[in-house]
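# Structural characterization, general
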Amino acid sequence: MRADTEQDILKTELWWTALVTAVVTAIMLAIIYAGLVHHINPPSNIETVDPKTLHLTGEFTEGNLGTRVDGSQITSRIVATQFAFQPQCIVMPANRTVTLRFATPDVIHGILVTGTNVNTMIIPGYVSQVHTVFTKTGDLLMPCHEFCGLGHSQMWATVRVVPEDEFKPGPDGRVTCDAR
Ligand code: CUA
């Protein structure tokens, strides 16, 4: 077998360098494209919450969960636990900017809303916040997508997107799936 000359080795190295550069460039372009065109962005919200007292005080107490309209702000608060979401169903209006806020008292969970750009992890100690506009009406599935234990596959919720004129908050500003 002929030993490679210095020239051959240099050629191989340059070829691999070009290949790796091309792959990294392609991945970077895909990330930029996803961010600019599909509005899929890495999380930037850093907000802490005490997982031990989540259910006792503050915005994630049971009575404060679900969708609430506050002026022009439409916010839904959801707690992710092993192995359920509280509430199990939230109502959101179509074609409005809405905010989803998640927290967990136990382990790492994750959510996505099928067919939308909503996708985030839910980490104990932090509030995960997502802004989005739902364009399609109907019941969208929101499963947990982070393996969180034996009941992981049974952990899901529903996002009920209703036309804007059917989105009617009660006197307390709340909208629930039950009332409909
Ligand atoms: Cu929660 Cu998987």
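Residues numbered from 1 in each chain as written. Predicted model: local features only at pLDDT ≥ 70, side-chain atom pairs only at ≥ 80, totals over all residues. Heavy atoms only, no water.

## Focus on the environment of His152
Tracing the backbone through its elements, the reader meets His152 in the loop between β9 (138–143) and β10 (156–162). By relative accessible area, His152 is classed as buried at 17%. The contacts of His152, once residues within four sequence positions are left out, are Phe83, Cys144, His145, Glu146 and Phe147. (Helix = DSSP H or I, 4+ residues; strand = E, 2+ residues; numbered from the N terminus. Buried < 20%, exposed > 50% of the residue type's maximum accessible area, 1.4 Å probe, protein only. Contact = heavy atoms within 4.5 Å.)

## Describing the pairing of strand β8 (residues 128–133)
Side chains of β8 alternate between two faces, with Ser128, Val130 and Thr132 buried and Gln129, His131 and Val133 left unburied. As paired strands, strand β5 (residues 97–103) and β8 are joined by six bridges and run antiparallel to one another. Across the sheet, the residue bridging to Thr99 is His131, located in β8. (Pairing = 2+ DSSP bridges.)

## Topic: the state of the cysteines
Counted under the stated rule, the structure contains one disulfide. One disulfide in the model links Cys89 with Cys177; its S-S distance is 1.9 Å. Between Cys89 and Cys177, the disulfide has an S-S torsion of -75° and is therefore left-handed. Placement of the pair is Cys89 in strand β4 (residues 89–93) and Cys177 in the segment after β11 (174–175), with a sequence separation of 88 residues. (Disulfide = S-S within 2.5 Å.)

## Brief notes about the domain arrangement of the chain
What the domain assignment reports for the chain is domain 1 (1–41) and domain 2 (62–175). Placing a centre on the C-alpha atoms of domain 1 and another on those of domain 2 gives a separation of 39 Å. (Domains from an automatic or database assignment.)

## Considerations on the environment of Asp50
Along the chain, Asp50 turns up in the loop between α1 (6–37) and β1 (66–70). Classification of Asp50 by relative accessible area gives partly exposed; the value is 34%. For the pair Asp50 and Pro105, spaced 55 residues apart in sequence, the C-alpha to C-alpha distance is 8.1 Å. A distance of 3.0 Å separates a polar side-chain atom of Asp50 from the backbone nitrogen of Lys52. (Polar contact = N/O pair within 3.5 Å; in protein donor to acceptor, adjacent residues only side chain to side chain.)

## Things to note about unusual backbone geometry
Cis rather than trans, the peptide bond between Gln82 and Phe83 has omega equal to 0°. Assignment of secondary structure puts Phe83 in the loop between β2 (73–81) and β3 (84–86). The amide bond that connects Gln86 to the next residue, Pro87, takes the cis arrangement and shows omega of -5°. Position of Pro87 relative to the elements: it lies in the loop between β3 and β4. A positive phi is found at Asn95, a non-glycine position, where the angle reads about 60°. By relative accessible area, Asn95 is classed as partly exposed at 49%.

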